[in-house]
Structures are given as C-alpha cells and as structure tokens.
Amino acid sequence: VLATPGAKIGIYAPHATATAPAVGLSLERRLTAIHGLAVRPVDNHLPVELGGDMSGYSWSINGKTWPDPDVLMVRSGQRVMIDMVNQSMMSHPMHLHGHSFQVVALNGVAMRGARRDTVLVPPMARVTVALDADNPGRWALHCHNLYHMMAGMMTEMRYPDII
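What am I meant to see in the overall build of the protein chain here?
Broken down by element type, the protein chain carries two helices and twelve strands. Start at the N end of the protein chain and walk to the C end: the helices and strands fall as α-β-β-β-β-β-β-β-β-β-β-β-α-β. With the C-alpha coordinates aligned to their principal axes, the bounding extent of the protein chain is approximately 70 × 40 × 25 Å. Within the protein chain, the fraction of its 163 residues that count as buried is 38%. Long-range contacts, defined here as pairs at least 24 residues apart, represent 74% of the contacts in the protein chain between residues at least 6 apart. Accessible surface for the protein chain amounts to roughly 9,500 Å². Of this, 59% is attributable to carbon and sulfur atoms. Side-chain charges of the protein chain comprise 13 positive and 12 negative groups, with the mean position of each set lying 8 Å from the other.

Set out below in structure tokens:
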C-alpha cells in the first residue's frame, strides 16, 4: 500500500491475517464432481514423479526434462490412471491438454473428486487422477508454473500411431 507518511491505513478484509497457511489439498478434499467418470476398471496406470530443485533450477517428470521426456503412452478407449508424486519442495499445478480428469485419490486416500484439467500437487504429496482416453493426439502434460515448465517439467501423453 502506497501512502503518505503517518497516513492511517484501514483494513479492507477484517478477516485477513498477516500470515496465510501453505497451499495444500484441504480444498481439493471437499470438492466432488457433478458429472464424475463412470466407474470401471483401470486399463493403464501411469506413474508420474515430479522432481527437481531450486539450486540447479531444473524440474523433471520421471527423471527426464523437456525436450527429451518420458512420454506417457495411452490407447483410445482406455481408462487411464495418472499417479503424480511430488518429490520436490515446491508445489506444482499440473495441467493436461486435450482431456479432463477426475481426482480419485489424495495421498493414497480414495475419493470421487472434482473433474478438471489442472490439479495442484503440493510438496511431498501424491495426487491420483483418472481419465478416459478419448481424444487421440499428442497432448502436453506440464507444470502450470510456466517457469517450471520452461526449466524442463513437461512431457506429453501420446496415443500410438500419432507422430
């Protein structure tokens, strides 16, 4: 707030505090889908380890960085489960192009969460999502902190026979 010396600064949000808790999964736990995925067996389980560090400022998915990623292969019609484990000390809002997914577990606790295309994976947390592979192509999966994406945290979900 810019003010002249000695000016009285009012509180615009009386419920606001000087400190805020770290962003976590508490809101995600309360959300549910209005139109969730139909219940069916998983055909393809894809582990996704989010890694990296601040000192070298390199961010990875499954130990690899863009432009040489560990590509996630899916086939049309599959129910795909993506199990994202964040091994870094930074939060990563993970975004998948071309599909929506449903949050199905937080830190190993099953749920029928919200449908979305981006979900926050806090430090040292696990978020599991499910989707139906119904849009063939090559689709980016990346951290929506774009400076993390540009430092390597991007891969693609690819259908076979797509170049």
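Don't stop here, the text continues.
I would appreciate a short explanation of the pattern of salt bridges in the present structure.
Side-chain pairs of opposite charge can arise where the charged atoms are in close proximity. Overall, the coordinates contain seven salt bridges when judged by the stated rule. Close ionic contact of Asp83 with Arg126 constitutes a salt bridge, the shortest N to O distance being 3.1 Å. Within this pair, whereas Asp83 is found in strand 4 (residues 79-86), its partner Arg126 is found in strand 10 (residues 126-132), the two being separated by 43 residues in sequence. Overall, Asp83 belongs to the buried group, its relative accessible area being 12%. For Arg138, the salt bridge is made with Glu156, and the minimal N-O distance between the two is 2.7 Å. Placement of Arg138 in strand 11 (residues 138-143) and of Glu156 in strand 12 (residues 154-158) is noted, with a sequence separation of 18 residues between them. Taking the relative accessible area as the measure of exposure, Arg138 reaches 42% and is therefore partly exposed. Within this structure, Arg40, Asp43, Arg79 and Asp132 form a network of salt bridges that share partners.

I keep staring at the packing of aromatic side chains and nothing clicks. Help me out?
The way to describe two aromatic rings as a pair is by their centre distance and the angle between their planes. All chains considered together, the criterion is met by two aromatic pairs. Taking 5.7 Å as the distance between ring centres and 90° as the angle between the ring planes, the aromatic pair formed by Tyr57 and Trp59 counts as edge-to-face. Note on Tyr57: relative accessible area 29%, which makes it partly exposed. Assessed through its relative accessible area of 1%, Trp59 is described here as buried. Through pairs of rings, three or more aromatic residues link up here, namely Tyr57, Trp59 and Tyr147.

Is there a simple way to explain the pairing of strand 4 in this structure?
Looking along a regular strand, one sees side chains alternate from face to face of the sheet. Taken across its eight residues, strand 4 has seven buried, putting it largely inside the fold. In terms of strand pairing, strand 1 (residues 44-53) meets strand 4 through seven bridges, oriented parallel. Counted as the bridge partner of Glu49 is Val85 from strand 4. Two strands pair when backbone bridges link them, and strand 4 and strand 10 are joined in this way by seven bridges, in the antiparallel orientation. In the sheet register, Met81 faces strand 10, and the bridge partner there is Ala130.

For this particular structure, what's the right way to read the nonpolar core?
When a protein is soluble and globular, its nonpolar side chains tend to lie buried together. If you look at the biggest cluster of nonpolar residues, it comprises 29 residues, and the most contacted ones within it are Ile82, Met84, Met94, Val127 and Val129. Sequence-distant contacts of Met94, defined by excluding residues within four places in its chain, comprise Leu50, Ile61, Met84, Phe101, Asp117, Thr118, Val119, Val121, Leu141, His142, Cys143 and Met153.

Is there a simple way to explain the sheet that holds strand 5 (residues 92-96) in this structure?
The strand order across the open sheet built from five strands is 3-12-11-5-9, with neighbouring strands paired in mixed fashion. In this open sheet, the two strands that pair with only one neighbour each are strand 3 (72-73) and strand 9 (118-121). Alignment of strand 5 against strand 11, held across three bridges, turns out to be antiparallel. Within strand 11, the residue paired with Leu96 across the bridge is Leu141.

The rules behind these values
Residues numbered from 1 in each chain as written. Predicted model: local features only at pLDDT ≥ 70, side-chain atom pairs only at ≥ 80, totals over all residues. Heavy atoms only, no water. Helix = DSSP H or I, 4+ residues; strand = E, 2+ residues; numbered from the N terminus. Buried < 20%, exposed > 50% of the residue type's maximum accessible area, 1.4 Å probe, protein only. Contact = heavy atoms within 4.5 Å. Areas by Shrake-Rupley, 256 points an atom, 1.4 Å probe, with all protein chains shown as cover. Lys, Arg positive; Asp, Glu negative; His and termini not counted. Charge placed at Lys NZ, Arg CZ, Asp CG, Glu CD. Salt bridge = Lys/Arg side-chain N within 4 Å of Asp/Glu carboxyl O. Phe/Tyr/Trp six-rings, centres within 6.5 Å; stacked < 30°, edge-to-face > 60°. Pairing = 2+ DSSP bridges. Core = buried A, V, L, I, M, F, W, Y, C linked by side-chain atoms within 4.5 Å.

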